Amino acid sequence: MLNLANLAVDHGKLRALWDVSLTVRAGEKIGLLGANGAGKSTTLGAIMGLYPPQSGDIVFDGASIAARPPADNVARGIALVPEGRRLFAEMSVQENLEMGAYLRASRASLSQTLDYVFTLFPILREKARQNAGELSGGQQQMVAIGRALMSKPRLLLLDEPFLGVAPLVIYDVMDALRRVADTGVTILLVEQNIHRALDFVDRAYVIENGRSALDGTRESLLGDPEFGTKFLGLE
Ligand SMILES: Nc1ncnc2c1ncn2[C@@H]1O[C@H](COP(=O)(O)OP(=O)(O)OP(=O)(O)O)[C@@H](O)[C@H]1O
Ligand SMILES: [Mg+2]
């Protein structure tokens, strides 16, 4: 479904990605791991079309989408839940959700999709008219995920969706994401907490200093001494 081949991306004069390659098949849950500044958010942003690559390619559904504008990619079925949520704090929960359905195709089924999001996160139905800025961290994250789902994506990019979410609520959010995945939506998840990430995904890729370093299933990564030393603090 998605293939990144030797992707290089600059932020101004600074090279953030040097050589990132990964493959995501339809229906998979894939993790993207790495230290602070490794290039995880840049990778998701490049897929979404926010950062045009300097070299390499991004292929989605068999066609290159490298440097396609984000709105095109939303129309193709990709949605991003950005790092830090980026909600409109002064707008209501429902208005924030509706922002995710700005394409004509998704407006047609807006009330149905809204109902789906409210079923996934029942608390948001209760808080629909409240300003998003007044919600707890976990509830805001639900709005951010819900907003992404409003465009009915086939590929959902999640950038640290559990950050700032209370430990017990993390289970609710994770459970909701599992239910989304069960409907056939493919997931690419950026997560700092290695164990939490490996609990959720089928396979994961590790980025180090803008380069693909390791990849594999939960079992193969946890059994890999290099992974253990670098990421789990094992000697
Ligand atoms: N908008 C930007 N302008 C300039 N440099 C940037 C920008 N965004 C990221 N960078 C730089 O690019 C590199 C990769 O950053 P990126 O945000 O992709 O890393 P990350 O793996 O998501 O890190 P974190 O875990 O801290 O979120 C870093 O060196 C960062 O400082
Ligand atoms: Mg990041």
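Everything quoted here is computed from the prediction, not taken from an experiment.

*Asks:* Outline helix α5 (residues 110-120), listing residues and values.
*Replies:* Buried within α5 are the following residues: L110, T113, L114, V117, F118 and L120. In an axial view of α5, the angular spread of the buried residues amounts to 160 degrees, which keeps them on one side of the axis. For α5, the exposed residues set more than 90 degrees away from the buried face come down to S111 and Q112.

*Asks:* Explain the layout of surface pockets to me, and be specific about the residues and the numbers.
*Replies:* Looking at the largest pocket, its volume works out to about 540 Å³. In this structure, the largest pocket is lined by 23 residues; those nearest its centre are M48, L50, L80, P82 and R147. Looking at the lining of the largest pocket, its residues break down into 14 nonpolar, 5 polar and 4 charged.

*Asks:* Go over the site of ligand 1 with me, naming the residues and quoting the values.
*Replies:* Close to ligand 1 lie 14 residues; K40, S41, T42, E83 and Q192 are nearest. Between ligand 1 and the protein, one listed contact pairs an oxygen atom with a side-chain N or O atom of N36 at 3.0 Å. Side-chain polar atom of T42 to an oxygen atom of ligand 1: 2.5 Å apart, as the coordinates give it. Protein contact buries 62% of the 640 Å² of open area that ligand 1 shows by itself. Looking at the shell around ligand 1, the elements with two or more residues in it are β2 (14-24) and α1 (40-48). Here the element with the most residues in the shell around ligand 1 is α1; it accounts for 3 residues. Of the residues assigned to the shell around ligand 1, the class counts are 4 nonpolar, 7 polar and 3 charged.

*Asks:* I'd like to hear about the pattern of salt bridges, residue by residue, with values.
*Replies:* For the coordinates displayed, the defined rule picks out 9 salt bridges. As a salt-bridge pair, R203 and E28 come within 2.9 Å of each other at their nearest N and O atoms. Residue R203 is found in strand β9 (residues 203-208), and its partner E28 is found in the loop between β2 and β3 (29-33); the two are separated by 175 residues along the sequence. Judged on exposure class, the residue R203 and its partner E28 are both buried. With its nearest N and O atoms 3.5 Å apart, the salt bridge here joins D175 to R179. Separated by 4 residues within a single helix, D175 and R179 lie in helix α8 (residues 167-182), roughly one turn from each other. Residue classification places R179 among the partly exposed residues on the basis of a relative accessible area of 37%. Counted as one network, the salt bridges with shared partners bring together R25, E28 and R203.

*Asks:* Describe the coordination of the magnesium ion (ligand 2), listing the residues and the values that go with them.
*Replies:* Geometrically, a metal with four donors at the corners of a regular tetrahedron has ideal angles of 109.5 degrees, and one with six donors at the corners of a regular octahedron has ideal angles of 90 or 180 degrees. At 2.0 to 2.5 Å from the magnesium ion (ligand 2) lie its protein donor atoms, namely S41 (OG) and E83 (OE). Here the residue S41 occupies a position in helix α1, and E83 occupies one in the loop between β6 (78-81) and α3 (93-99), the gap between them amounting to 42 residues. A relative accessible area of 24% places S41 in the partly exposed class. On the basis of relative accessible area, E83 is assigned to the partly exposed category, the value being 35%.

*Asks:* Got a sec to walk through the environment of G62? Specific residues and values, please.
*Replies:* With respect to the helices and strands, G62 occurs in the loop between β4 (55-60) and β5 (63-64). Its relative accessible area of 71% is what places G62 among the exposed residues. Considered as a pair, G62 and A35 are 27 residues apart in the sequence and their alpha carbons are 31 Å apart.

*Asks:* Could you give an account of the pairing of β3, naming the residues involved and the relevant values?
*Replies:* Of all 5 residues that make up β3, 5 are buried, and the element is covered over most of its length. Here β3 shows a buried face lined by K29, G31 and L33 and a second buried face lined by I30 and L32. Here 4 bridges tie β3 to strand β8 (residues 186-190), and the two strands are oriented parallel to one another. Counted as the bridge partner of I30 is L188 from β8. Where β3 meets β9, 4 bridges bridge the pair, whose relative direction is parallel. Within the sheet, the bridge partner assigned to L32 lies in β9 and is Y205.

Parameters at a glance
- Residues numbered from 1 in each chain as written.
- Chains lettered and ligands numbered in written order.
- Predicted model: local features only at pLDDT ≥ 70, side-chain atom pairs only at ≥ 80, totals over all residues.
- Heavy atoms only, no water.
- Buried < 20%, exposed > 50% of the residue type's maximum accessible area, 1.4 Å probe, protein only.
- Helix = DSSP H or I, 4+ residues; strand = E, 2+ residues; numbered from the N terminus.
- Arc of directions from axis to C-beta.
- 1 Å grid on protein atoms, 1.4 Å probe; cavity = no way out; pocket = protein on both sides within 12 Å on 5 of 7 lines; lining within 4 Å.
- Points joined across faces, edges and corners; volume = space filled by probe spheres on them.
- Nonpolar A, V, L, I, M, F, W, Y, C, P; charged D, E, K, R; others polar.
- Near = heavy atom within 4 Å.
- Polar contact = N/O pair within 3.5 Å; in protein donor to acceptor, adjacent residues only side chain to side chain.
- Areas by Shrake-Rupley, 256 points an atom, 1.4 Å probe, with all protein chains shown as cover.
- Salt bridge = Lys/Arg side-chain N within 4 Å of Asp/Glu carboxyl O.
- Donors = N, O, S within 2.8 Å, 3.2 Å for Na, K, Ca; no water.
- Pairing = 2+ DSSP bridges.

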